[in-house]
Amino acid sequence: MPRYKLTIEYDGTPFAGWQMQADLPTVQGVLAEAFRRFCGEQVQVSGAGRTDAGVHATGQVAHVDLSRDWRTDTVRDAMTAQLRPHPVAVLKAEVVPDLFDARFSASRRHYVYRIVNRRPDLALDRDRAWRIPQALDADAMHAAAQRLLGRHDFSTFRAAECQAASPVKTLDQLDVSRAGDEIRVVTSARSFLHHQVRSMVGSLMRVGEGRWSADDLEAALKSADRTRCGPMAPACGLYLAGVSY
């Protein structure tokens, strides 16, 4: 039974997240249904990251076991056809060893958060970025973000419903840069707590608008107290950009 690794892109706006739920549209659900129509099999599509409702992906990775050998380009193209009209695309299919697991074999996950820093409303980027009308200092945000790098108890930036066994994570990258009106927050780690990225971005926004200093951000981290967190950034600006193995 060959195992296929899939690289997937999707617009998370119409979905209740990645993970299959009864009576709600999910990315995992439409992929499983597309496979059923393609090859007549009921399959489990296992993803590297369980993105929340409204979160997008440009490089989600999943694996699936099929009962027969298919050419990888056939899998990709057949899924392209069967996924329409959902905003989900299989960009690439590869045959991988049976021991490969999209979730547990991952060594690092990469996320991008998009902020559009302007007063006018969004037309083309509606539901795909967080519009913040007040001026933000991206350089101050980047400098403060470096205080969060390394191994810490990230309870301050953890959702109350997070199911991770420990709040201790190692953050490898947290970079903030500006290009015109767009500010991008790029972050990488082996794994993240539920809502960690969006919570960190919301707290960095406080720094960018001048309400917090880098010391304030570090103090919030060290408090390990969720009530010290800034506002959680909306899901629409977050993208799972890639997974390393």
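From a predicted model like this one, the values you see are computed outputs, not experimental measurements.

Peer 1: Outline the overall build of the protein chain, supporting the account with residue identities and numerical values.
Peer 2: If you tally the helices and strands in the protein chain, you get 5 helices and 10 strands. For 245 residues, the compact-globule estimate of 2.2 N^0.38 gives 18 Å, and the protein chain sits close to it at 19 Å. Across its three principal directions, the C-alpha atoms of the protein chain cover 55 × 40 × 30 Å. Counting only contacts in the protein chain whose residues sit at least 6 apart along the sequence, the fraction spanning at least 24 positions is 70%. Total accessible area computed for the protein chain in this model is approximately 11500 Å², and 48% of it derives from carbon and sulfur atoms. Mean positive and mean negative side-chain charge positions of the protein chain (32 and 29 charges, respectively) differ by 0 Å.

Peer 1: So what about unusual backbone geometry? Which residues, and what values?
Peer 2: The phi angle of most residues is negative, glycine excepted, and most peptide bonds adopt the trans form. Residue Pro 85 is bonded to the preceding Arg 84 through a cis peptide linkage, with omega at 10 degrees. Checked against the element boundaries, Pro 85 lands in the loop between α2 (72–83) and β4 (88–96). For His 195, which is not glycine, the phi torsion reads 70 degrees and is therefore positive. By secondary structure assignment, the location of His 195 is in the loop between β9 (182–189) and α4 (196–208).

Peer 1: Describe in detail the nonpolar core, supporting the description with residues and values.
Peer 2: Of all hydrophobic cores here, the largest spans 73 residues; its most connected members are Leu 31 and Phe 35. Other than its neighbours up to four places away in sequence, Phe 35 contacts Leu 6, Gly 40, Glu 41, Val 43, Val 45, Val 64, Leu 66, Val 75 and Met 79.

Peer 1: Tell me what's going on with the environment of Arg 190, and back it up with residues and numbers.
Peer 2: For Arg 190, the position within the fold is in the loop between β9 and α4. Note: C-alpha distance between Arg 190 and Lys 92 (98 residues apart in sequence) is 22 Å. For Arg 190, the side chain forms a polar contact with the main-chain oxygen of Ala 106, separated by 3.4 Å.

Peer 1: Just give me the short version of the packing of helix α1 (residues 27–39) against α2, but keep the residues and values in it.
Peer 2: At a minimum axis separation of 9 Å, α1 and α2 run at an interaxial angle of 110 degrees. In terms of their interaxial angle, α1 and α2 are classed as roughly perpendicular. In this structure, α1 meets α2 at a crossing whose hand is right-handed. Between α1, through Val 30, Leu 31, Ala 34, Phe 35, Arg 37 and Phe 38, and α2, the contact on the second element is made entirely by Thr 74, Val 75, Ala 78, Met 79, Gln 82 and Leu 83. Its residues placed into classes, the contact of α1 with α2 shows 9 nonpolar, 2 polar and 1 charged.

Peer 1: Tell me about the packing of aromatic side chains, and name the residues and values.
Peer 2: Applying the stated criterion across every chain yields a total of 7 aromatic pairs. Aromatic side chains Tyr 111 and Phe 192 sit 5.4 Å apart centroid to centroid with 90 degrees between the ring planes, which places their arrangement in the edge-to-face category. Taken together, the residues Tyr 111 in strand β5 (residues 108–116) and Phe 192 in the loop between β9 and α4 connect sequence positions 81 residues apart. No difference in accessibility class separates Tyr 111 from Phe 192, as the two residues are buried. When the ring of Tyr 113 is compared with that of Trp 130, the centres are 6.2 Å apart and the planes differ by 90 degrees; the resulting orientation is edge-to-face. With a gap of 17 residues between them, Tyr 113 in strand β5 and Trp 130 in strand β6 (residues 130–131) connect regions that are remote in the sequence. For the pair Tyr 113 and Trp 130, a shared accessibility class is recorded, and that class is buried. Arg 68 extends its terminal NZ or CZ atom over the ring of Trp 70, reaching a point 3.7 Å from the ring centre.

Peer 1: Residue-level account of the pattern of salt bridges, with values.
Peer 2: Taken as a whole and judged by the stated rule, the model has 17 salt bridges. Where Glu 182 meets Arg 114, a salt bridge forms, and the shortest distance between an N and an O atom there is 2.9 Å. Of this pair, Glu 182 sits in strand β9 while Arg 114 sits in strand β5, placing them 68 residues apart in sequence. With respect to class, Glu 182 is no different from Arg 114; both count as buried.

Rules used in this analysis
- Within any chain, residue numbers begin from 1 and follow the written order of that chain's sequence.
- Whole-chain, interface and lining totals are the exception, using all residues; otherwise, since this is a predicted model, local features are given only for residues with pLDDT of at least 70 and side-chain atom pairs are given and counted only at 80 or more.
- Derived side-chain values reflect all non-hydrogen atoms in the structure, with water molecules and hydrogen atoms excluded from consideration.
- Going along the chain from the N terminus, every DSSP run of H or I of four or more residues is numbered as a helix, and every run of E of two or more is numbered as a strand.
- In this treatment the radius of gyration is a C-alpha quantity, and the globule benchmark scales as 2.2 Å times the residue count to the 0.38 power.
- Contacts are assigned to residue pairs with any non-hydrogen atoms lying within 4.5 Å of each other.
- Residue burial considers only the protein chains on display, and all accessible areas are found by Shrake-Rupley using a 1.4 Å probe.
- This count recognises Lys and Arg as positive and Asp and Glu as negative, with His and chain-terminal groups excluded.
- By convention, charge coordinates are those of NZ in Lys, CZ in Arg, CG in Asp, or CD in Glu.
- What makes a nonpolar core is a set of buried Ala, Val, Leu, Ile, Met, Phe, Trp, Tyr and Cys residues whose side-chain atoms join them at distances within 4.5 Å.
- Each residue's exposure class comes from its accessible area (1.4 Å probe, protein chains only) as a fraction of the maximum for that residue type: buried when under 20%, exposed when over 50%, partly exposed otherwise.
- The definition of a polar contact used here is a pair of N or O atoms within 3.5 Å, where within protein one atom must be able to donate a hydrogen and the other to accept one, and adjacent residues in sequence count solely through side-chain atom pairs.
- Axis definition: a line fitted to C-alpha atoms, limited for helices to the stretch in contact. Angles are taken between N-to-C directions and run from 0 to 180 degrees.
- Small angles under 35 degrees read as roughly parallel and large ones over 145 as roughly antiparallel, with 65 to 115 read as roughly perpendicular and the rest as oblique.
- Take the far helix as your reference; a near helix turned counterclockwise from it by less than a right angle gives a left-handed crossing, and one turned clockwise gives a right-handed crossing.
- Asp, Glu, Lys and Arg are counted as charged, while Ala, Val, Leu, Ile, Met, Phe, Trp, Tyr, Cys and Pro are counted as nonpolar; the rest, among them Gly, fall into the polar class.
- Working definition: rings of Phe, Tyr and Trp (its six-membered ring) pair if their centres are within 6.5 Å, and the pair is stacked with planes under 30 degrees apart, edge-to-face with planes over 60 apart, and tilted otherwise.
- Two thresholds decide whether a charge sits over a ring: the Lys NZ or Arg CZ must be within 6 Å of the ring centre and within 35 degrees of the ring normal.
- In the sections that follow, a salt bridge refers to a side-chain nitrogen of Lys or Arg positioned within 4 Å of a carboxyl oxygen of Asp or Glu.

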